[in-house]
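One-letter residues, chain by chain:
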Amino acid sequence: MFWTVTLSLLEGFWGTLKLFCLTLVFSLPLGLAICLCSMSKVKLIKLPIRLIIWVIRGTPLMLQLLVIYYGPGIFLGINVWGTDNKGRFLAALIAFVINYACYFSEIYRGGIQSIPVGQREAGKVLGMSRSQIFFKITMLQLIKRIVPPISNEIITLVKDTSLARVIAVYEIIWNGQSFIKSSGIIWPLFYTGAFYLIFSGLLSVLFARIEKRLDYFR
């Protein structure tokens with residue numbers, strides 16, 4: 001029974017891992033784009049983006065999952081996601097990407113604003129373009145400053161992936177919980193905690209090494 005449960009949880013963990021990785025792939029660059037728009041001097045760009053960030057950060061991720069998955073059917077009468085797990089997974093992915101992109105955007109914004117304005121002005125005096133100043137001065141220091149808060153959000157994402165089960169996405173918690181109904185046992189649900197602990201531990205070690213490698217900025 002132990003190996004049966006383990007194999008089922010590994011299958012569920014693959015779904016968790018896919019959701020985790022794809023969320024990072026799309027939300028990290030999207031977060032930077034949202035950050036730059038939120039810092040724009042053009043109010044028609046800045047104000048709507050700030051409103052979106054406020055709404056996303058002020059509402060639960062679970063609610064956002066439900067709205068994105070059920071919203072089109074309720075308000076438009078169209079089932080855009082279909083009935084299989086691929087559609088539910090895509091809906092969950094979109095919800096996670098939007099949510100984490102908004103959080104990452106605020107981390108980016110804080111990192112950019114923490115860099116002294118004088119450094120950018122010095123770059124202008126040296127004849128550097130705005131893109132050169134951003135990538136060669138701002139970005140290098142930004143990476144060092146945002147690694148700790150970004151790592152915290154990423155580890156939180158590992159645990160937040162379990163929320164995808166509210167729209168019946170097959171992930172590790174879903175698989176663990178299924179044994180309660182099928183076999184009348186609850187320990188597989190607690191067993192899932194070992195997967196989260198190991199994965200989070202590996203990420204913690206990875207980010208600790210990244211921070212150590214970035215010590216050259218001191």
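This brings us to the overall build of the protein chain. If you tally the helices and strands in the protein chain, you get 8 helices and 0 strands. Burial status across the protein chain gives 40% buried among its 218 residues. Just so you have it, the protein chain exposes about 12,700 Å², and 69% of that area is on carbon and sulfur atoms. Taking the 22 positively charged and 9 negatively charged side chains of the protein chain as two groups, their mean positions are separated by 8 Å.

In the structure shown here, the tally under the stated rule is 11 aromatic pairs. For the pair Tyr69 and Tyr70, a centre-to-centre distance of 4.8 Å together with 75 degrees between the ring planes defines the contact as edge-to-face. With a relative accessible area of 41%, Tyr70 lands in the partly exposed category. Ring plane angle 55 degrees and centroid distance 6.0 Å describe the contact between Tyr100 and Phe104, whose orientation is recorded as tilted. One end of the pair, Tyr100, and the other, Phe104, are both in helix α4 (residues 85-113), 4 residues apart, so they sit about a helical turn from each other.

Let's shift gears to helix α8 (residues 187-213). The end-to-end C-alpha distance of α8, which contains 27 residues, comes to 40 Å, matching closely the 39 Å that a straight helix rising 1.5 Å per residue would cover. Restricting attention to buried positions, one finds in α8 the residues Pro188, Tyr191, Thr192, Phe195, Tyr196, Phe199, Ser200, Leu203 and Phe207.

On to the confidence of the model for the protein chain, then. Averaged over the protein chain, the pLDDT score is 89; the fraction of residues at 70 or greater is 99%. Of all secondary-structure elements in the protein chain, the lowest mean pLDDT belongs to helix α5 (residues 117-125), at 74, while helix α2 (residues 43-58) reaches the highest, 95.

A few words now on the nonpolar core. The biggest cluster of nonpolar side chains holds 46 residues, and the ones touching the most others in it are Phe20, Phe96, Phe104, Ile154 and Leu203. Within the residue set of this core, elements represented by two or more residues are α1 (2-38), α3 (61-76), α4, α6 (130-160), α7 (172-182) and α8. Per element, the largest residue contribution to this core is 12 residues, and it comes from α4. Membership of the second largest hydrophobic core comes to 6 residues, among which are Ile49, Ile53, Ile56 and Ala101.

Let's shift gears to α6. Over its 31 residues, α6 runs only 37 Å from end to end, short of the ideal 45 Å by more than 12%, given 1.5 Å per residue. The largest bend in α6 comes to about 50 degrees, at Val147, with the proline Pro148 one to four residues further on.

On the surface, Met62, Leu66, Tyr70, Ile74, Phe75, Leu76, Ile78 and Val80 cluster together into a nonpolar patch covering about 830 Å² of accessible area. Residue placement: Ile74 occurs in helix α3.

What follows deals with unusual backbone geometry. With a phi close to 65 degrees, Ala168 is a non-glycine residue in the positive phi region. Here Ala168 lies in the loop between α6 and α7.

Another aspect to go through is the packing of α1 against α4. Running from N to C, α1 and α4 point in directions that differ by 45 degrees, and their axes come no closer than 6 Å. The angle between α1 and α4 falls in the class oblique. Of the two elements, α1 crosses α4, and the hand of that crossing is right-handed. Grouping the amino acids of the contact of α1 with α4 by side-chain chemistry returns 20 nonpolar, 6 polar and 2 charged.

If you trace the backbone, Ser200 turns up in helix α8. The class of Ser200 is buried, set by a relative accessible area of 13%. Excluding anything up to four places from it in sequence, Ser200 contacts Ile155 and Val158.

Mapped onto the elements, Ser151 comes out in helix α6. Each C-alpha atom, one on Ser151 and one on Ser204, is 7.8 Å from the other, the two residues being 53 residues apart in sequence. Residues within four places of Ser151 in sequence aside, it is in contact with Phe207 and Glu211.

Scoring rules and cut-offs
Residues numbered from 1 in each chain as written. Predicted model: local features only at pLDDT ≥ 70, side-chain atom pairs only at ≥ 80, totals over all residues. Heavy atoms only, no water. Helix = DSSP H or I, 4+ residues; strand = E, 2+ residues; numbered from the N terminus. Buried < 20%, exposed > 50% of the residue type's maximum accessible area, 1.4 Å probe, protein only. Areas by Shrake-Rupley, 256 points an atom, 1.4 Å probe, with all protein chains shown as cover. Lys, Arg positive; Asp, Glu negative; His and termini not counted. Charge placed at Lys NZ, Arg CZ, Asp CG, Glu CD. Phe/Tyr/Trp six-rings, centres within 6.5 Å; stacked < 30°, edge-to-face > 60°. Expected span 1.5 Å × (residues − 1). pLDDT = per-residue confidence, 0-100. Core = buried A, V, L, I, M, F, W, Y, C linked by side-chain atoms within 4.5 Å. Bend = angle between axes of the 7 residues up to and from the residue. Patch = residues over 30% accessible without salt bridge, like charges linked within 9 Å, V, L, I, M, F, W, Y side chains within 5 Å. Salt bridge = Lys/Arg side-chain N within 4 Å of Asp/Glu carboxyl O. Axes fitted to C-alpha atoms, helices over the stretch in contact; angles between N-to-C directions. Parallel < 35°, antiparallel > 145°, perpendicular 65-115°, else oblique. Left-handed = near helix turned anticlockwise from the far one by under 90°. Nonpolar A, V, L, I, M, F, W, Y, C, P; charged D, E, K, R; others polar. Contact = heavy atoms within 4.5 Å.

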